[in-house]
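Summary of structural features
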Amino acid sequence: MLWFKCNEFIPGAAIGVGFIGVALSFCLFLYEVTPVPDLHVICRMSQASEENLEVFRAERNEAFVLGYTGEVGRELIRDMALLKAFSKVYLIGRRYINLPDHLGPEFEQVIVDYDDLDSYADVFRNVKYGFCCLGTTRAKAGKRGFVKVDHDYVLKSAELAKAGGCKHYSVLSSQGADKNSSLLYPRTKGQMEEALKVIHFEQLSLFRPGLILCDRRESRPSETFFRTILKPMAYFFPTAVTTPVQVIARAMINDAIHPIRHEPVLLYENRAIHFLSGISKQCS
Ligand SMILES: NC(=O)c1ccc[n+]([C@@H]2O[C@H](COP(=O)([O-])OP(=O)(O)OC[C@H]3O[C@@H](n4cnc5c(N)ncnc54)[C@H](OP(=O)(O)O)[C@@H]3O)[C@@H](O)[C@H]2O)c1
């Protein structure tokens, strides 16, 4: 009897899974080929940024980076060093690390207590560009700890930066960020975005990447699982749900060095991040 039920169930389940797989692939295909209204604008932005690099360098701009010890943060400062985009970069963190040799003397670590950031207001003084790659997980920090890092610390840093004269604040949010979501992660990201908007930077750039593709140093089994099962998707539909860490870093830099500002708040969804990085094939 049991054998009979299994015999019916297994092919049925296989057909069901296959059907869902085909339907999902079709949706992603449509997503991937659907023209983005601003695609050409964003592709042009990445070209204009590359062309503006020399001029930007000559301006000798200063920047600070929060979360420089994380996956995106490390790649961001590696790319900053490669492009020699900034004359000074303050690396703001909670602990010292051995900085890699490829970072020049313009990179300086500043250690702060994130629970008492007001005491470090000076760190943010007269630094025109701010990059925030802070973040943790609920598994690591608990619900309250997650909100504290991904919302409260980001917001407090932004307020101090604005008070110190920061003109352009760039921050990592996430695909699916939604202040009204019933889920903690997208809700926290969405609320963080909304809170930043009312600070009124001359330029606020919000980046919403998909699953970050990187060789993560820390063990995160769920991320590793998703990264593995999304590998084919990342290959066939590269801009849909995944984002290589190098793409995010270059997009953040290209956005900062772009010569023209269109709107005070720019929101880059995952595809736009790919296009802005200049790495996406769809721009060529
Ligand atoms: N993982 C993904 O696939 C994904 C997808 C979309 C968006 N994002 C978002 O992208 C951002 C960066 O991601 P990531 O993978 O680069 O993060 P990460 O590797 O976990 O790095 C996080 C950074 O935040 C710092 N940080 C964490 N907890 C802290 C605390 N309590 N106090 C002070 N600093 C703290 C870390 O410093 P320490 O080194 O000192 O811990 C590190 O520099 C996050 O906001 C994340 O939500 C991630």
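Notes on the structure follow. By convention here, each chain's residues receive numbers from 1 onward along its written sequence. Per-residue local features are limited, in this predicted model, to residues with pLDDT of at least 70; the limit for side-chain atom pairs, both in listing and counting, is 80 or more; totals at the level of whole chains, interfaces and linings are taken over all residues. Values reported for side chains reflect all heavy atoms of the structure, with hydrogen atoms and water molecules removed beforehand.

1. What to know about the sheet that holds strand β9 (residues 265–268)
For two strands to be treated as a pair, DSSP must find no fewer than two bridges joining them. Put simply, DSSP H or I for four residues or longer makes a helix, DSSP E for two residues or longer makes a strand, and each gets a number counted from the N terminus. Strand order in this open sheet of 7 strands is β3-β2-β1-β4-β5-β6-β9, and the pairing throughout is parallel. Sheet topology places β3 (107–111) and β9 at the edges, where each strand pairs with a single neighbour. For this sheet, the mean inter-axis angle between neighbouring strands, taken without regard to orientation, is 15°. When strand β6 (residues 203–207) meets β9, the two strands line up parallel, connected through 4 bridges. Within β9, the position partnered with F207 by the bridge is Y268. Here an axis means a line fitted to C-alpha atoms, over the contact stretch when the element is a helix, while the angle between two N-to-C directions is reported on a 0 to 180 degree scale.

2. Topic: the site of the ligand
We call a residue near a molecule or strand whenever a single non-hydrogen atom of that residue lies within 4 Å of it. As a matter of local geometry, the ligand sits amid 28 residues, with T69, R94, R95, L134 and R216 nearest to it. Nitrogen and oxygen atoms within 3.5 Å of one another constitute a polar contact, given that in protein one can donate a hydrogen and the other can accept it, and given that sequence-neighbouring residues count only through two side-chain atoms. G67 is positioned with one of its backbone polar atoms (N or O) 3.3 Å from an oxygen atom of the ligand. With respect to the ligand, the side chain of R94 contributes an N or O atom lying 2.7 Å from an oxygen atom. For the area figures, the Shrake-Rupley method with a 1.4 Å probe applies, and any residue is considered shielded solely by the protein chains shown. Against a free-state accessible area of 910 Å², the protein chains account for coverage of 89% of the ligand. At the level of elements, α3 (71–83), α4 (138–164), α5 (184–197) and β7 (211–213) are the ones that each hand at least two residues to the shell around the ligand. Of all the elements, α4 adds the most residues to the shell around the ligand, at 3 residues. Nonpolar residues are Ala, Val, Leu, Ile, Met, Phe, Trp, Tyr, Cys and Pro. Charged residues are Asp, Glu, Lys and Arg, and all others, Gly as well, are polar. In terms of residue class, the shell around the ligand is made up of 12 nonpolar, 8 polar and 8 charged.

3. Digging into helix α2 (residues 39–58)
In a regular helix each residue adds 1.5 Å, so 20 residues correspond to 28 Å; α2 covers 29 Å between its end C-alpha atoms and thus fits that length. By the largest-angle criterion, N52 marks the main kink of α2, which is about 50°. When accessible area is computed with a 1.4 Å probe and restricted to protein chains, residues below 20% of their type maximum are described as buried, those above 50% as exposed, and intermediate ones as partly exposed. All of the buried residues along α2 are L39, I42, C43, M45, S46, A48, S49, N52, L53 and F56. Buried residues belonging to α2 abut α3, β4 (129–132), α8 (245–257), β9 and α9 (270–277). Positive backbone phi, at 50°, marks R60, one or two positions downstream of α2. In this scheme, a helix's expected span is set at 1.5 Å multiplied by one less than its residue total. For a residue, the bend is simply the angle between two axes, fitted respectively to the seven-residue segment ending there and the seven-residue segment starting there. We call two residues in contact when some of their heavy atoms are within 4.5 Å.

4. Examining the environment of I97
On the secondary structure map, I97 appears in the loop between β2 (88–93) and β3. Looking at I97, the relative accessible area reads 22%, which means it is partly exposed. When the C-alpha positions of I97 and T69 are compared, they lie 7.7 Å apart, and in sequence the two are 28 residues distant.

5. Re the packing of α2 against α8
Between α2 and α8, whose axes approach to 8 Å, the crossing angle comes to 65°. One element, α2, and the other, α8, form an angle in the roughly perpendicular class. Seen along the crossing, α2 lies across α8 with a hand that is left-handed. Residue-level inspection shows M45, S46, S49, N52, L53 and F56 of α2 in contact with α8, the latter providing N254, D255, A256 and I257. Tallied by class, residues from the contact of α2 with α8 come to 5 nonpolar, 4 polar and 1 charged. To sort the angles, those under 35 degrees are grouped as roughly parallel, those over 145 as roughly antiparallel, those from 65 to 115 as roughly perpendicular, and the leftovers as oblique. Should the near helix be turned anticlockwise from the far one by less than a right angle, the crossing is left-handed, and should it be turned clockwise, the crossing is right-handed.

6. Observations regarding the nonpolar core
For soluble globular proteins, the rule of thumb is that nonpolar side chains tend to be buried together. If you look at the biggest cluster of nonpolar residues, it comprises 44 residues, and the most contacted ones within it are V65, L76, M80, F86 and F131. Elements that contribute at least two residues to this core include exactly α2, β1 (62–66), α3, β2, β4, α8, β9 and α9. Here this core takes 9 residues from α8, the largest share from any one element. In contact with V65, not counting residues within four places along its chain, are L76, I77, M80, V89, Y90, L91, I92 and F131. For the purposes of this section, nonpolar cores are sets of buried Ala, Val, Leu, Ile, Met, Phe, Trp, Tyr and Cys residues that join through side-chain atoms within 4.5 Å. Y90, V123, L155 and M192 belong to the second-largest nonpolar core, a separate cluster that totals 30 residues.

7. Structural notes on a nonpolar patch on the surface
A contiguous nonpolar patch, built from F225, F226 and I229 and spanning about 310 Å² of accessible area, is present on the exposed surface. If you trace the backbone, F226 turns up in helix α6 (residues 221–229). Like-charged residues are merged into a patch within 9 Å and nonpolar side chains (Val, Leu, Ile, Met, Phe, Trp, Tyr) within 5 Å, provided each residue has over 30% relative accessible area and no salt bridge. Note on definitions: salt bridges are taken to be side-chain nitrogens of Lys or Arg within 4 Å of carboxyl oxygens of Asp or Glu.

What is shown is where atoms sit, not what they do.
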